[in-house]
Amino acid sequence: MNFDKNSHNHFNEEPSRNSLIDKLIQEVEINLNNEQFSVDSLAKSVGMSRSNLHRKLQKTIGCSTSQFIREYRLKRALEILNQEEITASEVAYRVGFNSATYFNTCFHKFYGFTPGEVKSKVNPEMDEESNLAIDKTQNVLPINLKSPTSHNSRTKTKVLWIGLLLIISASSVFFYQAYFHKNEGPLAIDSTVNEKSIAVLPFKNWSGNSDLEYISDGMTDAIISRLTKIGAIDKVIPFTSTLKFKETNKTIGEIGSELGVATLLQGNFQISGNQISINLQMLDSRTNEHLWSENYIREWKSKEIFDMQTEVVEDIADKMNAFIAKDELASIKKTPTKSKQAYSYYLQGDFQRNKANELSYANAINLYKKAIALDSNFVEPYLDMANIYNLGGGVWAFYDEQEAWNNGKILLEKVLKIEPENRQAEEELYTGEFFYGWNFKRVETYYQTILTNSFYDKSPVISLDYAIKTGRSENALKASEHLILTDPSNVFFPFFKAESLLFLGKKQEAINVLNDADPLYSDNYFYLRESTKLYFYLGAHKKSKIQLENILNKFSDYPPIFMWFKAIYAQMEGASNDATIYLVELQNAYTNGSSGSPAWFLALYYSHTKDYDKAFDWLQKSYDRHEVEMTWLREEPLLAPLRTDIRYKILYDNVGFSDIGLPIKTTSEE
């Protein structure tokens, strides 16, 4: 593909496909060493909006505008490095990179070798077949235009080589679609954002219709989910951790400090007719400096929405100088469903699920089922519905535990049939196999995979809860500390850290962790529930009762664990009549088939009061009901006096701890 570089005329009308590519290449070449030349600059040069240009490029050659600019610069860099004796730093600035280090990273990821290896990897002296083999192996299309250097500096062989590449590049525009495969664009903020960490705050709903809140939340979550796929970004805060900042008076600096990120993204969304628009701005949380802003407008169609999400993510990574690898880009571009209505049902379902109560869970399940009915290969509704069943059965006591697990397992197996490599489904499945299935052999294999493969470092239930319950609190402590750095606002991680410290005998350190976390999660159901239990085991009974009263005052749910707390504190305070009342509540819960492990908590009560025969009776009932709390059998402190009893050993073996070679914990280890 050749053109006259001296032609600077802009188009007054939308160019055709081939002429558009020619014009874009010409504009990038003219501005090759201009590090400020951006997507907006390129769009303006051809008389198009950035969104329209993005759509045209996606349709024509399958890449984004920033990707187009980036890859052209990298290919020109390859040409210059091969033709001239020049350093990587010098060529970086000649092709518009303002950071030599970032240029080296992008170049290596794009080609598979460093700028310093160009002479040996791409050798113009090689025959045509060898060079084409390199091109094919590296999946690179050399866009080899006339460079600003003189033809006199080239050897005859180089001229022949260039000619060959020109023939290749001019043969068909579809070569672009086949070979453009990485991402990312500019370059302007490398010096401003050094640490690649970001939190996307919940987008504001400026549609004027509160019923559309699910769209603003859903768009936020989708963008966060795509950002997590980019390995070059060190930290992306999950949506569940940023949701609490939806309505907040905290400053940018305070939010950034609490979340431990250098960058914050704010936004709002609006709908007008069949068009949706998102306005975004990126801020440095440490200085409150405005880094970037953009407006995106698309039609409310599933493909348009997913294209917009991809473009947003590419632009964010662009401004953070975070290169997107080929496989990451493919994952980011993936269209989860072609059905607009299925996606709408899914977003509404997620909005309900995030409310986390029994009614909202029921609403979410109904909406997910509607989404699946419209698109049976849409995996996200399966995943989130399975998550509802697993949490609703094991944590919230909304559903029968085994029924919940059976429902969740079917859904997860469907996901893995559609997408065998889906890691989220895999993690959720192993979590259920542990809590509900007591399949220790299978879970242990997965746990060992987590320990030896950093790819699995985001499996907190297995790496934390399973590790603690199988006597590996040191591993759990290390995992919790790592995960806190990744997501410092996640409610689970400080609790598991404190729990690990408890079982390592570091009680004061555990109390300190909880004291620091208490004001952050004073309105979080799960944290209040688990910290009530932890303070009890740490001997901080006053704090435990404060947390208990806090949760009972704020939440209407009253699962068996709270009946147990009320009974045990009444017994400790000598209020035997009150203790009896709460014990009757627990027994009724068991009789009525309630989830939430009522038999287990009755066993703990009687073990605490040293009525060990009754404790074993209720442990057997807990085992027979397959209650999830039985996974605590090995480590539960209140059961320490029972461990030398043959009845305990039988239960221990039957639950499955012996299947992975774990000996019974001795009382002296307490």
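Just above sits the structure.
So, here's what we can say about the structure.

Observations concerning the overall build of the protein chain
- For the protein chain, the helix and strand inventory stands at 32 helices and six strands.
- Expressed as a percentage of its 670 residues, the buried residues of the protein chain come to 56%.
- In the protein chain, once contacts between residues fewer than 6 apart in sequence are set aside, the share between residues at least 24 apart is 64%.
- Summing over all exposed atoms, the protein chain offers an accessible surface of approximately 27,800 Å²; the carbon and sulfur share of this is 49%.

What about the packing of helix α16 (residues 340–353) against helix α17 (residues 358–374)?
- The contact between α16 and α17 brings their axes to 8 Å, and the two run at 165 degrees. One element, α16, and the other, α17, form an angle in the roughly antiparallel class. In this structure, α16 crosses over α17, and the sense of that crossing is left-handed. Touching Gln-341, Ala-342, Tyr-345, Tyr-346, Gln-348, Gly-349, Asp-350, Gln-352 and Arg-353 of α16 are Ser-360, Tyr-361, Asn-363, Ala-364, Leu-367, Tyr-368, Lys-370, Ala-371 and Leu-374, all from α17.
- Classifying every residue of the contact of α16 with α17 by side-chain character gives nine nonpolar, six polar and three charged.

Considerations on the nonpolar core
- Residues Leu-227, Ile-230, Ile-316, Trp-564, Trp-600, Leu-619 and Leu-633 are the most contacted members of the largest nonpolar core, which totals 151 residues.
- With nine residues, the single largest contributor to this core is helix α28 (residues 560–572).
- Contact partners of Leu-619, with chain neighbours within four places excluded, come to Trp-600, Ala-603, Met-630, Leu-639, Leu-642 and Leu-651.
- By size, the runner-up hydrophobic cluster in this structure holds 37 residues, among which are Ile-21, Leu-24, Ala-77 and Ile-80.

Examining unusual backbone geometry
- Positive phi is not limited to glycine here, since Asn-321 has a value of about 55 degrees.
- Along the chain, Asn-321 turns up in the loop between α14 (302–319) and α15 (326–333).
- What makes Asn-321 buried here is its relative accessible area of 2%.
- Positive phi values are uncommon outside glycine, yet Lys-610 reaches one of about 65 degrees.
- Residue class for Lys-610 comes out exposed when judged on its relative accessible area of 61%.

Here's the deal with the environment of Ile-223
- Here Ile-223 shows up in helix α11 (residues 213–227).
- Along the primary structure Ile-223 and Val-200 are separated by 23 residues, whereas in three dimensions their C-alpha atoms are 8.2 Å apart.
- Not counting the four nearest positions on each side in its chain, Ile-223 is found in contact with Phe-203, Val-312, Val-313 and Ile-316.

Concerning the side chain of Gln-352
- Its place among the elements puts Gln-352 in helix α16.
- Residues within four places of Gln-352 in sequence aside, it is in contact with Ser-360, Asn-363, Ala-364 and Leu-367.

Points about the environment of Lys-246
- Along the chain, Lys-246 falls in the loop between α12 (239–242) and α13 (252–259).
- The exposure class of Lys-246 is buried, given its relative accessible area of 14%.
- Lys-246 sits 29 residues away from Asp-217 along the chain, and the two C-alpha atoms are 9.5 Å apart.
- Residues contacting Lys-246, with those up to four places away along its chain left out, are Pro-202, Lys-204, Glu-213, Asp-217 and Phe-351.
- A polar contact is formed between the side chain of Lys-246 and the side chain of Glu-213, at a distance of 2.8 Å.

Some thoughts on the packing of α28 against helix α30 (residues 598–608)
- The geometry of α28 relative to α30 is characterised by a closest axis approach of 9 Å and an angle of 15 degrees between their N-to-C directions. It follows that α28 is roughly parallel to α30 by the angle criterion. For α28 against α30, the interelement crossing comes out right-handed. Where α28 approaches α30, its residues Pro-560, Ile-561, Trp-564, Ala-567, Ile-568, Gln-571 and Met-572 are matched on the opposing element by Pro-598, Phe-601, Leu-604, Tyr-605 and His-608.
- Classifying every residue of the contact of α28 with α30 gives 10 nonpolar, two polar and no charged.

Some details on the packing of aromatic side chains
- This model, assessed by the stated rule, comprises 35 aromatic pairs.
- With centroids separated by 4.6 Å and ring planes inclined at 50 degrees, the aromatic side chains of Phe-440 and Phe-657 adopt a geometry described as tilted. With Phe-440 in helix α21 (residues 440–452) and Phe-657 in the segment after α32 (646–655), this residue pair connects regions lying 217 residues apart in the sequence. For the pair Phe-440 and Phe-657, one class covers both residues: buried.
- Measuring from centroid to centroid gives 4.9 Å for Trp-564 and Phe-565, while their planes differ by 35 degrees, and the two rings are tilted. Comparing Trp-564 with Phe-565 shows no difference in burial state: the two are buried.
- Counting every residue linked through ring pairs, the aromatic cluster contains Phe-434, Phe-435, Phe-440, Tyr-447, Tyr-466, Tyr-648, Tyr-652 and Phe-657.
- The ring of Tyr-569 carries Lys-545 above its face, with NZ or CZ at 5.7 Å from the centroid.
- A cation sits over an aromatic face here: Lys-621 above Trp-618, 4.9 Å from the ring centre.

Some points on the pairing of strand β4 (residues 263–272)
- In the sheet, strand β1 (residues 197–200) pairs with β4 via three bridges, with the strands oriented parallel. Across the sheet, the residue bridging to Ala-199 is Leu-264, located in β4.
- Across two bridges, the pairing between strand β2 (residues 204–205) and β4 is parallel. When the bridges of β4 are listed, Lys-204 appears paired with Asn-268.
- For β4 and strand β5 (residues 275–284), the ladder comprises 10 bridges, and the chain directions are antiparallel. Of the residues in β5, the one forming a bridge with Asn-268 is Asn-279.
- A loop of two residues connects β4 with β5, the two strands running antiparallel in sequence, and Gly-273 in this loop sits at a positive phi of about 65 degrees.

A few points about the side chain of Glu-328
- Within the secondary structure, Glu-328 is located in helix α15.
- In this structure the side chain of Glu-328 is engaged in a polar contact, spanning 2.9 Å, whose partner is the backbone nitrogen of Gly-231.

A closer look at the pairing of β1
- Alternating residues of β1 divide into Ser-197 and Ala-199 and Ile-198 and Val-200, and every residue in both groups is buried.
- As defined by bridge partners, β1 adjoins strand β3 (residues 235–236) across two bridges and the pair is classed as parallel. Opposite Ser-197, over in β3, you have Lys-235 as the bridge partner.

What counts and what doesn't
- Residues numbered from 1 in each chain as written.
- Predicted model: local features only at pLDDT ≥ 70, side-chain atom pairs only at ≥ 80, totals over all residues.
- Heavy atoms only, no water.
- Helix = DSSP H or I, 4+ residues; strand = E, 2+ residues; numbered from the N terminus.
- Buried < 20%, exposed > 50% of the residue type's maximum accessible area, 1.4 Å probe, protein only.
- Contact = heavy atoms within 4.5 Å.
- Areas by Shrake-Rupley, 256 points an atom, 1.4 Å probe, with all protein chains shown as cover.
- Axes fitted to C-alpha atoms, helices over the stretch in contact; angles between N-to-C directions.
- Parallel < 35°, antiparallel > 145°, perpendicular 65-115°, else oblique.
- Left-handed = near helix turned anticlockwise from the far one by under 90°.
- Nonpolar A, V, L, I, M, F, W, Y, C, P; charged D, E, K, R; others polar.
- Core = buried A, V, L, I, M, F, W, Y, C linked by side-chain atoms within 4.5 Å.
- Polar contact = N/O pair within 3.5 Å; in protein donor to acceptor, adjacent residues only side chain to side chain.
- Phe/Tyr/Trp six-rings, centres within 6.5 Å; stacked < 30°, edge-to-face > 60°.
- Lys NZ or Arg CZ within 6 Å of the ring centre and 35° of its normal.
- Pairing = 2+ DSSP bridges.

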